[in-house]
Amino acid sequence: MQGTRQTTTTPLERFLAILAVVACLTITILLWWSVSANQTMWPLPGLYFVEIVALSIISAFIFVRGDLREQFIVWGAAGVIGAFSILGSLSVGFFYLPVALIFTVIAVRSDLRNKQPIAAHVSVYLIAGMAQLALMLAAIGWHDPSPIF
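These notes cover the structure that comes with them. (Residues numbered from 1 in each chain as written. Predicted model: local features only at pLDDT ≥ 70, side-chain atom pairs only at ≥ 80, totals over all residues. Heavy atoms only, no water.)

**Some words on the overall build of the protein chain**
Right, so step 1: Counting its regular elements, the protein chain contains five helices and zero strands.
Right, so step 2: Seen in sequence order, the protein chain has helices and strands lined up from the N terminus as α-α-α-α-α.
Right, so step 3: Scaling as 2.2 N^0.38, a compact globule of 149 residues should have a C-alpha radius of gyration of about 15 Å, and the protein chain matches this with 16 Å.
Right, so step 4: Reported as C-alpha extents along the three principal axes, the dimensions of the protein chain are approximately 50 × 25 × 25 Å.
Right, so step 5: The burial tally for the protein chain puts 42% of its 149 residues in the buried class.
Right, so step 6: The contacts of the protein chain with a sequence gap of at least 6 include a subset with a gap of at least 24, amounting to 73%.
Right, so step 7: Here the protein chain displays about 8,300 Å² of accessible surface, and carbon together with sulfur accounts for 75% of that area.
Right, so step 8: In the protein chain, which carries 7 positive and 6 negative side-chain charges, the distance between the mean positions of the two groups comes to 15 Å. (Helix = DSSP H or I, 4+ residues; strand = E, 2+ residues; numbered from the N terminus. Rg over C-alpha atoms; globule rule 2.2 N^0.38 Å. Buried < 20%, exposed > 50% of the residue type's maximum accessible area, 1.4 Å probe, protein only. Contact = heavy atoms within 4.5 Å. Areas by Shrake-Rupley, 256 points an atom, 1.4 Å probe, with all protein chains shown as cover. Lys, Arg positive; Asp, Glu negative; His and termini not counted. Charge placed at Lys NZ, Arg CZ, Asp CG, Glu CD.)

Structure (structure tokens):
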């Protein structure tokens, strides 16, 4: 493919990306069983669980492929999962913090090793996190118009 800049990821980074997906799937399955015993899953929190698992799988796949142009997706997913972990920390979000940290660590390591524009990627991280925050607050407001924050 012309114009595509490939990089090789280190075995440690590939392992961490796969570990993040396995951890995310395990956490989600366990939480789904626990939460579904006490409340309905749809639309919330089921959509959040599906979103986080899908983002982790897509991010790990893109990271292992090694296309430098697609690193923005890995950074964005780390921001989204991080925002979900922080906003949902009083319920299930805290369990996803290790997944967010793993994706952040491998994204930073990759950028430093490949001399990529880390400032641009951090801005993608922050924008994605703020978008996730806005989306979660809007979904909560739509689902329950009278929440008390």
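There's plenty left to go through after this.
**Quick word on a nonpolar patch on the surface**
Right, so step 1: Together, Leu112, Ile118, Val122, Leu126, Ile127 and Met130 give the surface a local cluster of nonpolar side chains, amounting to about 560 Å² of exposed area.
Right, so step 2: With five residues, helix H5 (residues 118-143) is the single largest residue contributor to the nonpolar patch. (Patch = residues over 30% accessible without salt bridge, like charges linked within 9 Å, V, L, I, M, F, W, Y side chains within 5 Å. Salt bridge = Lys/Arg side-chain N within 4 Å of Asp/Glu carboxyl O.)

**So, helix H3 (residues 71-87)**
Right, so step 1: For H3, built from 17 residues, the straight-helix expectation of 24 Å at 1.5 Å per residue is met to within 8% by its first-to-last C-alpha distance of 24 Å.
Right, so step 2: The buried count for H3 comes to 13 of 17 residues, which makes it a mostly enclosed element. (Expected span 1.5 Å × (residues − 1).)

**Things to note about helix H2 (residues 46-65)**
Right, so step 1: Relative to the 28 Å expected for 20 residues at 1.5 Å per residue, H2 spans 29 Å between its end C-alpha atoms, a close match to the ideal helical length.
Right, so step 2: Those residues of H2 hidden inside the fold are in contact with helix H1 (11-36), H3, helix H4 (97-114) and H5.
Right, so step 3: Once H2 finishes, Gly66 follows within two positions and takes phi at roughly 85 degrees, a positive value.

**Remarks on the nonpolar core**
Right, so step 1: Counting residues in each nonpolar core, the largest one holds 32 residues, and the members touching the most others are Ile81, Phe84, Tyr96, Val99 and Phe103.
Right, so step 2: Broken down by element, the residue count for this core peaks at eight residues, all from H1.
Right, so step 3: Leaving out residues up to four positions away in the same chain, Phe84 has contacts with Tyr48, Ile52, Val92, Gly93, Tyr96, Gln132 and Met136. (Core = buried A, V, L, I, M, F, W, Y, C linked by side-chain atoms within 4.5 Å.)

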